[in-house]
Amino acid sequence: MTQSPPDLLRGKHYTAPGIVVSYDAPRCIHAAECIRGLPEVFDTAKRPWIQPQNAVRAAQVAEVVRRCPSGALHYAAQAAEPEQPQTPTTITPLPDGPLAIRGDLVIQTPDGEVKELRATLCRCGQSGHKPYCDGTHSRVGWKSEPTAP
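These numbers were taken from a predicted model, which means no experiment stands behind them.

## Quick word on the state of the cysteines
Put plainly, two cysteines are in a disulfide when a covalent bond ties their sulfur atoms together. The full count for this structure, using the stated rule, is zero disulfides. We note that Cys28 lacks a disulfide partner, and the nearest cysteine sulfur, in Cys68, lies 6.4 Å from it. With a relative accessible area of 17%, Cys28 lands in the buried category. Summary of cysteine pairing: Cys122 is not part of a disulfide, and the nearest cysteine sulfur, belonging to Cys124, is at 3.8 Å.

## A few points about the nonpolar core
Counting 24 residues, the largest nonpolar core has Ile19, Tyr23, Phe42, Ile50, Val61 and Leu73 as the members making the most contacts within it. Ranked by the residues each element gives to this core, the list is headed by helix H2 (residues 58-65), at five residues. Other than its neighbours up to four places away in sequence, Val61 contacts Ile19, Val21, Leu38, Val41, Phe42, Pro52 and Ala55. Membership of the second largest hydrophobic core comes to seven residues, among which are Ile101, Ile107, Val114 and Leu121.

So, how was this worked out
Residues numbered from 1 in each chain as written. Predicted model: local features only at pLDDT ≥ 70, side-chain atom pairs only at ≥ 80, totals over all residues. Heavy atoms only, no water. Disulfide = S-S within 2.5 Å. Buried < 20%, exposed > 50% of the residue type's maximum accessible area, 1.4 Å probe, protein only. Core = buried A, V, L, I, M, F, W, Y, C linked by side-chain atoms within 4.5 Å. Helix = DSSP H or I, 4+ residues; strand = E, 2+ residues; numbered from the N terminus. Contact = heavy atoms within 4.5 Å.

Given below as structure tokens:
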């Protein structure tokens, strides 16, 4: 099986022929890219909520996982290329939310250095999972500054 870097497959694992999807729940910002992309695979009304065996091809699952802005989802697959860092690295402030970052990332956390390809970092200062966003900005009513068009 083609592997992502080992430290990217964190959290709970969901296995189907040709692919393993990992989900790191504390990193999820509920952007719902997965649910919109493959609702037959990512369905929060079902248990388990990730069922990669419901996809026609493992490559479809890999493509949707790469849309996850937070890096909560990752994959290792036989039929899909491993995810590559975006070049150049991009930082996108999400309206009234975190910084969405994509690239060849090395993030300093309280538990040490983490290598990543995608992450959403807190910018309200209130996250209980710093440096990552945990959605606290919504609960405390934090708003970002208006940006120029």
